[in-house]
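What follows is each chain in one-letter form.
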Amino acid sequence: MKDLNDLMQAILNMDAAQRDATEQAENERAARLADLDAQRRRIADEAAADSKARAEAAAKEAEAGNRAALEELAAARARAEAELQDRAQRSRDAWVDELCRRALNAGGEG
């Protein structure tokens, strides 16, 4: 009978050792999964921060480009306005000359 009790105790001990080993393996697996999840979150955060930094840099670059383009457009507009004013003055002067010539010719014919 003692042998049977010893055998049963050995089986119970083996079963307990197996449960302990299974529990330890599950705990190790859970710890590895937690580490992997933390690493995944860290990588995702780094990627998001990098993406945000690149987007902000691109936005600043675009803003600088837009500012330069707007300044160039303003300068071109100012040049065009000056040219139009100059043309208007020349046209007015030409019309005044023409009107004076016509008036003088009309006065000389009469």
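The numbers attached to residues start from 1 for each chain and follow its sequence in the written order. Given that the model is predicted, a residue must reach a pLDDT of at least 70 before its local features are reported, and side-chain atom pairs must reach 80 or more before they are shown or counted; all residues, however, enter totals for whole chains, interfaces and linings. With hydrogens and water stripped out, all remaining heavy atoms of the structure feed into the side-chain values.

A. Molecular detail of the overall build of the protein. When helices and strands are counted, the protein shows one helix and zero strands. Atoms counted for the radius of gyration: C-alpha only. Globule rule: 2.2 Å times the number of residues to the power 0.38. Against the 2.2 N^0.38 benchmark of 13 Å for 110 residues, the protein shows a C-alpha radius of gyration of 47 Å, more extended than a compact globule. C-alpha atoms of the protein, sized along the principal axes, occupy 160 × 15 × 5 Å. For the protein, buried positions account for 0% of its 110 residues. Averaged over its 18 positive side-chain charges, the protein has a centre that lies 6 Å from the centre of its 24 negative ones. Under the scheme used here, helices are H or I runs from DSSP no shorter than 4 residues and strands are E runs no shorter than 2 residues, and both carry numbers assigned from the N terminus. The cut-offs for exposure are 20% and 50% of the maximum accessible area for each residue type, with area from a 1.4 Å probe on protein chains only; residues under the lower value are buried, those over the upper are exposed, and the others partly exposed. None of His or the chain ends enter the tally, which takes Lys and Arg as positive and Asp and Glu as negative. In plain terms, the charge of a residue is placed at NZ if it is Lys, CZ if Arg, CG if Asp and CD if Glu.

B. Fine view of a nonpolar patch on the surface. A cluster of nonpolar side chains, Met1, Leu4, Leu7, Met8 and Ile11, forms an exposed patch at the surface whose accessible area comes to about 550 Å². Positionally, Leu7 belongs in helix H1 (residues 2-109). Patch membership is restricted to residues that have no salt bridge and whose relative accessible area is over 30%. Joining uses 9 Å for like charges and 5 Å for the nonpolar side chains Val, Leu, Ile, Met, Phe, Trp and Tyr. Each accessible area value is a Shrake-Rupley result obtained with a 1.4 Å probe; residue values ignore everything except the protein chains displayed when judging cover. Salt bridge, as applied in this entry: a Lys or Arg side-chain nitrogen positioned within 4 Å of an Asp or Glu carboxyl oxygen.

C. Seen up close, the pattern of salt bridges. Counted under the stated rule, the structure contains 11 salt bridges. A salt bridge links Glu81 to Arg77, with the nearest nitrogen and oxygen atoms 3.2 Å apart. Highlighted residues: Glu81 and Arg77, both in helix H1, separated by four residues, approximately one helical turn. Among the salt bridges present, the one from Arg87 reaches Glu83, with a minimum N-O distance of 3.2 Å. With Arg87 and Glu83 both in helix H1, this residue pair falls four residues apart, about one helical turn. Ionic contacts of the salt-bridge type, sharing partners, join the residues Asp37, Arg40 and Arg41 into one network.

D. Summary view of the environment of Arg67. Within the secondary structure, Arg67 is located in helix H1. Taking the C-alpha atoms as reference, Arg67 lies 37 Å from Arg42; in sequence the two are 25 residues apart.

E. Structural view of the environment of Ala76. Take Ala76: it is sitting in helix H1. The class for Ala76 is partly exposed, based on a relative accessible area of 30%. As for Ala76 and Ala47, which are separated by 29 residues in sequence, their C-alpha atoms are 43 Å apart.

F. Geometry of the environment of Ala62. Its location among the elements puts Ala62 in helix H1. Counting along the chain gives 31 residues from Ala62 to Ala31, while the straight-line C-alpha distance between them is 46 Å.

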